[in-house]
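Here is what each chain is made of, one letter per residue.
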Amino acid sequence: MAYHGGESESFLGRALSGGYREKVHLATKLPSWLIKSREEMDRYLDTQLKKLATGHIDFTCFIP
């Protein structure tokens, strides 16, 4: 969310369309500096999934 004006995930989602998503392992980070609760963490992850146009992330990193 912090990269390229918040557009990097949308760009990557478009790049992974057309069957390419199934050929890669996708990793992401959550913006820990913005997250104050479990509900916020879920909201940010849902937003990332939508922007990436995928139903799951293969790896994630949450660093407090």
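Just above sits the structure.
The paragraphs below set out a description of the structure included in this document. What you are looking at is a predicted structure, and each value in this text was computed from that prediction instead of being measured.

What counts and what doesn't
Residues numbered from 1 in each chain as written. Predicted model: local features only at pLDDT ≥ 70, side-chain atom pairs only at ≥ 80, totals over all residues. Heavy atoms only, no water. Helix = DSSP H or I, 4+ residues; strand = E, 2+ residues; numbered from the N terminus. Buried < 20%, exposed > 50% of the residue type's maximum accessible area, 1.4 Å probe, protein only. Contact = heavy atoms within 4.5 Å. Areas by Shrake-Rupley, 256 points an atom, 1.4 Å probe, with all protein chains shown as cover. Salt bridge = Lys/Arg side-chain N within 4 Å of Asp/Glu carboxyl O. Core = buried A, V, L, I, M, F, W, Y, C linked by side-chain atoms within 4.5 Å. Axes fitted to C-alpha atoms, helices over the stretch in contact; angles between N-to-C directions. Parallel < 35°, antiparallel > 145°, perpendicular 65-115°, else oblique. Nonpolar A, V, L, I, M, F, W, Y, C, P; charged D, E, K, R; others polar.

## Things to note about the overall build of the chain
Assigned secondary structure in the chain consists of 2 helices and 2 strands. Helices (α) and strands (β) of the chain occur, in sequence order from the N terminus, as α-β-α-β. In the chain, buried positions account for 27% of the 64 residues. The long-range share in the chain, meaning contacts at least 24 apart out of those at least 6 apart in sequence, stands at 68%. For the chain, the computed accessible surface area is about 4,600 Å², with 60% contributed by carbon and sulfur atoms.

## What about the pattern of salt bridges?
Enumeration over the complete set of coordinates arrives at 2 salt bridges. Notably, a salt bridge pairs Arg21 with Asp58, separated by 3.1 Å at the nearest N-O pair. Linking Arg21 in the loop between helix H1 (8-15) and strand S1 (27-29) with Asp58 in the loop between helix H2 (38-52) and strand S2 (59-61), this pair joins segments that are 37 residues apart in sequence. By relative accessible area, which is 7% here, Arg21 ends up buried. Between Arg38 and Asp42 there is a salt bridge, and its shortest N-O distance comes to 3.1 Å. Of this pair, Arg38 and Asp42 are both found in helix H2, 4 residues apart, which corresponds to roughly one turn of the helix.

## What to know about the nonpolar core
Nonpolar side chains in soluble globular proteins tend to be buried together. Leu16, Leu26, Leu49, Leu52 and Ile57 form the largest nonpolar core, which has 5 residues in total. Ignoring anything within four residues of it in the chain, the contact list for Leu52 reads Glu9, Leu12, Gly13, Leu26 and Ile57.

## Examining the packing of H1 against H2
The N-to-C vectors of H1 and H2 enclose an angle of 45°; their axes lie 7 Å apart at closest approach. In terms of their interaxial angle, H1 and H2 are classed as oblique. Taken together, the residues of H2 that come into contact with H1 (itself represented by Glu9, Ser10, Leu12 and Gly13) are Gln48, Lys51 and Leu52. Class assignment of the residues belonging to the contact of H1 with H2 gives a composition of 2 nonpolar, 3 polar and 2 charged.

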